[in-house]
Amino acid sequence: MSNMKWQNSWQGCVVRGFIVLWIAAVSCSAASQGWTGSPEKRVLETIEIEGISINTPLEMIAEILQARDYTKVNESLYTKQKYADKGRSTISRVEVDDNPVFRQIAYYRGMSGGRNKSPTVRDAPIPDSDVDMAQHLYHSVCMNISEELQNERACDPLTSANIRFGRGQWIQIDDHFSAILTASDTHATVGIRFSRN
């Protein structure tokens, strides 16, 4: 009987030892892949642009965007058009670029058409459809950081009419992430890129 207890105890030690080694190996692998790190990185991985994030599996993207009334143009481009006032249209497009070097999700919105080219209202608010994703990206890149870093990232003051950083250009956030953000009533560009190397 004592021989069986010793054997069970020994097997329990082997199993526990294996589990500890496995957890250590996974942790080391995650750290080397850049999966762990700053809270800013984790937030950028999960920010949704039209319902998809850098972490969204590729095979789910078409379904998610089509549920939001986008039409698939090709493997990487989705578009939708909504009619606005004065014969104009709002055209939105989402581009997903997934390759061995990087994964990028970018959203663009603009106005087109119209017979009456009257000027738009100055300081009109950003459409509700864009404001949440723009604010979320702005907060993750421009808030809770030093004033020096805010200046480096060209974080404009946050208003209901304009949300912007980087002067309308892609900016590097860290070794792996870069982002672009400019949003107003008439147009928007929102994007996140994850570099794999």
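Quick caveat: nothing in here was measured; it's all calculated off a predicted structure. (Residues numbered from 1 in each chain as written. Predicted model: local features only at pLDDT ≥ 70, side-chain atom pairs only at ≥ 80, totals over all residues. Heavy atoms only, no water.)

This part takes up helix H3 (residues 58-67). Of the residues making up H3, those classed as buried are Ile61, Ala62 and Leu65. Down the axis, H3 shows its buried residues gathered within 90° of arc, on one side only. Exposed residues on H3 whose side chains face more than 90 degrees from its buried face are Glu59, Glu63 and Ala67. Packed against the buried residues of H3 are strand E2 (77-83), strand E3 (88-98) and strand E4 (102-113). After H3 finishes, the residue Asp69 shows a positive phi value of roughly 75°. (Buried < 20%, exposed > 50% of the residue type's maximum accessible area, 1.4 Å probe, protein only. Helix = DSSP H or I, 4+ residues; strand = E, 2+ residues; numbered from the N terminus. Arc of directions from axis to C-beta. Contact = heavy atoms within 4.5 Å.)

Right, let's get into the confidence of the model for the protein chain. With 74% of its residues at a pLDDT of 70 or more, the protein chain has an overall mean of 82. Taken as a whole, residues 13-37 scores under 50 in pLDDT and shows six contacts with residues more than four places along the chain or in a different chain. (pLDDT = per-residue confidence, 0-100.)

Moving on to the nonpolar core. Counting residues in each nonpolar core, the largest one holds 35 residues, and the members touching the most others are Leu137 and Phe165. Sorting the residues of this core by element identifies H3, E3, E4, helix H4 (128-142), strand E5 (163-165), strand E7 (177-183) and strand E8 (188-195) as the ones contributing at least two each. Among the elements that line this core, the one with the most residues is H4, at seven residues. With residues near it in sequence (within four places) discarded, Phe165 still touches Leu137, Tyr138, Val141, Cys142, Arg153, Ala154, Cys155, Ile171, Ala179, Ile180 and Leu181. (Core = buried A, V, L, I, M, F, W, Y, C linked by side-chain atoms within 4.5 Å.)

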